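What follows is the residue order along each chain.
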Amino acid sequence: MEITDVKAYTVEEKVNHPFVWRKGLPGSGETSQSTWLRICTDEGIDGYSYIGRGAVALDIVRRRLREVLIGKDPLQKELLWHEVWELDRIEELPIYMLGAADVALWDITAKVAGLPLYKVLGGYRDKIDAYASTVTFPTTEEYLEVADQCVEYGFKAVKLHAWGDARKDALLCQRLRKHVGDDIVLMYDGSAGFNFHESLYLGRALEEAGYYWYEEPMREFSINQYRKLCDHLDIPVLAAETSDGAHYNAADFIIHGAADMVRTSTGFKGGITGAMRVAHLADSFQMTAEVHGGGLPNLHVCLAIRNNSYYESLIASNPIDVETGIDREGYVHAPAGAGIGFEVDVEDLQRRAIAQL
Ligand SMILES: [Mg+2]
């Protein structure tokens, strides 16, 4: 089997429910650009992956990925993963580009096998609990309303992205715990908004309120600061979401006691190959590798491995608008078809693209 062409289509779309994150971070904006990558083969099987960026993605596909991929065997994902890793040494690729080709190559592999991807990767389960992962809402009352709607819908777990103010966020988290009671699992995501002392203060409040995990309070540059935080807290600290270096870096977080759970994802850890490596690495230390972010590639990883608790489902609006595929008990189910299951209409993409290769 041989890769004959690599195409890419950048489209611009209106954001359904524009939203914000904590203070200091850019929000969704009113429109978003994204790029579909399409890897074509001599056997007529195409693989797809979705990159949530426009011009930058197209540039890297044009200048670099095409050269690596065309003429190669798409089933040799290990080889191609390492060749992209070498490219990273020169380009310092945006972290979300490391796995862009890998996801499409796994799509091809699973289509060749005639199986949904998670079964090719291992196949641990056919459904998994989703948690409602909120965007940032303006008031405590609105968070409580949104949480009520999520519980009413069927979610058994809710994660907050709050304001990025340690004191206010701590009060919000405690208030939410009282509001929903002890049977709902709660998590908190700091989106790297804090310094060490703020992180410690907030961590203690979450610990008292019985939160399930405390995610990414600080930027993930300093293993030492995360180790200190883990030493001071009993609540599980979930880290290594945005840190560069996939499993090479996750290994350092783990071995230095700088995380109690590690993040893995197809978006930030080098596609399916990198996400599975992090998951297996964590498993060898009897730790979970909690899958960051939604979407089909991440869902397949969630279903393929044992050491992950939930699928992350974004709740971007009030009233809530739950993504398709989550049932009224809060489960998300396995895609049935061969491959990843992207429904791509190439002609439509070609027509709508603001730029393409
Ligand atoms: Mg996060």
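Predicted model only: the values in this text are computed from it and were never measured.

Things to note about the packing of aromatic side chains
Working step 1: Going through the model one piece at a time under the given rule, you end up with 14 aromatic pairs.
Working step 2: Between the aromatic rings of Tyr-188 and Tyr-214, the centroid separation amounts to 6.1 Å while the plane-to-plane angle is 45°, which identifies the pairing as tilted. Residue Tyr-188 is located in strand β6 (residues 185–189), and its partner Tyr-214 is located in strand β7 (residues 213–215); the two are separated by 26 residues in the primary sequence.
Working step 3: For Tyr-188, a relative accessible area of 1% puts it in the buried group.
Working step 4: Given the relative accessible area of 0%, Tyr-214 is considered buried.
Working step 5: Between Tyr-226 and Phe-253 the ring centres are 5.8 Å apart and the planes differ by 65°, which places this aromatic pair in the edge-to-face class.

A word on helix α1 (residues 55–69)
Working step 1: Here α1 contains 15 residues, and its C-alpha end-to-end distance of 20 Å stays within 8% of the 21 Å for a straight helix at 1.5 Å per residue.
Working step 2: Tucked inside the fold, the buried residues of α1 contact β1 (3–14), β2 (31–41), β3 (47–51), α2 (77–91), α3 (100–113) and β13 (355–356).
Working step 3: Just past α1, the residue Gly-71 takes up positive phi, approximately 95°.

What about helix α7 (residues 196–208)?
Working step 1: Here α7 spans 18 Å end to end across 13 residues, near enough to the 18 Å set by a 1.5 Å rise per residue.
Working step 2: Regarding α7, the residues found buried are Phe-196, Ser-199, Leu-200, Leu-202, Gly-203, Ala-205 and Leu-206.
Working step 3: Where the residues of α7 are buried, they touch α6 (166–180), β6, β7 and α8 (223–232).
Working step 4: Measuring from the side-chain oxygen of the N-cap residue of α7 to the backbone nitrogen of His-197 gives 3.1 Å; that N-cap residue is Asn-195.
Working step 5: Directly after α7, the chain includes Gly-210, whose backbone phi takes a positive value near 70°.

Topic: the pairing of β2
Working step 1: A large share of β2 lies buried, amounting to 8 of its 11 residues.
Working step 2: Pairing of β1 with β2 involves 11 bridges; the strand directions are antiparallel. Directly across from Glu-12, in β2, lies its bridge partner Gln-33.
Working step 3: What sits between the antiparallel neighbours β2 and β3 is a turn of 5 residues, in which Gly-44 has the positive phi angle 80°.

Re the domain arrangement of the protein chain
Working step 1: Segmenting the protein chain into domains produces domain 1 (3–115) and domain 2 (119–333).
Working step 2: A separation of 24 Å is found between the C-alpha centroids of domain 1 and domain 2.
Working step 3: Opposite the 24 residues of domain 1 that make contact, domain 2 presents 35 residues.
Working step 4: When domain 1 packs against domain 2, the two sides together hide about 2300 Å² of surface, and 65% of this comes from carbon and sulfur.
Working step 5: A per-residue breakdown of the area domain 1 buries against domain 2 is headed by Arg-22, Trp-81 and Ile-95, which together make up 28% of the total.
Working step 6: Linking domain 1 with domain 2 are 1 salt bridge, by the criterion used here.
Working step 7: For Glu-78, the salt bridge goes to Arg-277, with nearest N and O atoms at 2.4 Å.
Working step 8: Taken together, the links from domain 1 to domain 2 amount to 12 residue pairs in polar contact (both at pLDDT 80 or more).
Working step 9: Per-class residue counts for the side of domain 1 that touches domain 2 are 15 nonpolar, 3 polar and 6 charged.

Observations regarding the coordination of the magnesium ion
Working step 1: Coordination of the magnesium ion by the protein comes from Asp-189 (OD), Glu-215 (OE) and Glu-241 (OE), over a distance range of 2.0 to 2.3 Å.
Working step 2: In primary-sequence terms, the residues that donate to the magnesium ion follow D-x25-E-x25-E. In this pair, Glu-215 is assigned in strand β7 and Glu-241 in the loop between β8 (237–239) and α9 (246–255), connecting sequence segments 26 residues apart. Glu-241 carries the same exposure label as Glu-215, and that label is buried.

Notes on the packing of helix α10 (residues 271–284) against helix α11 (residues 296–304)
Working step 1: The interhelical angle for the contact between α10 and α11, taken along N-to-C directions, is 35°, at an axis separation of 11 Å. Of the two possible hands of crossing, α10 and α11 adopt the one that is right-handed. Residues Ile-272, Ala-275 and Met-276 of α10 form the contact with α11, whose own contacting residues are Pro-297, Val-301 and Ala-304.

A short note on the packing of α3 against α10
Working step 1: Viewed as axis vectors pointing N to C, α3 and α10 meet at an angle of 95°, and their least axial separation amounts to 5 Å. Taken together, the axes of α3 and α10 are roughly perpendicular relative to one another. Side by side, α3 and α10 meet where Asp-102, Val-103 and Trp-106 of the first sit next to Gly-271, Ile-272 and Thr-273 of the second.
Working step 2: Taken together, the residues of the contact of α3 with α10 break down into 3 nonpolar, 2 polar and 1 charged.

About the criteria used
Residues numbered from 1 in each chain as written. Predicted model: local features only at pLDDT ≥ 70, side-chain atom pairs only at ≥ 80, totals over all residues. Heavy atoms only, no water. Phe/Tyr/Trp six-rings, centres within 6.5 Å; stacked < 30°, edge-to-face > 60°. Helix = DSSP H or I, 4+ residues; strand = E, 2+ residues; numbered from the N terminus. Buried < 20%, exposed > 50% of the residue type's maximum accessible area, 1.4 Å probe, protein only. Expected span 1.5 Å × (residues − 1). Contact = heavy atoms within 4.5 Å. Polar contact = N/O pair within 3.5 Å; in protein donor to acceptor, adjacent residues only side chain to side chain. Pairing = 2+ DSSP bridges. Domains from an automatic or database assignment. Buried area = accessible area lost by both parts, 1.4 Å probe. Salt bridge = Lys/Arg side-chain N within 4 Å of Asp/Glu carboxyl O. Nonpolar A, V, L, I, M, F, W, Y, C, P; charged D, E, K, R; others polar. Donors = N, O, S within 2.8 Å, 3.2 Å for Na, K, Ca; no water. Axes fitted to C-alpha atoms, helices over the stretch in contact; angles between N-to-C directions. Left-handed = near helix turned anticlockwise from the far one by under 90°. Parallel < 35°, antiparallel > 145°, perpendicular 65-115°, else oblique.

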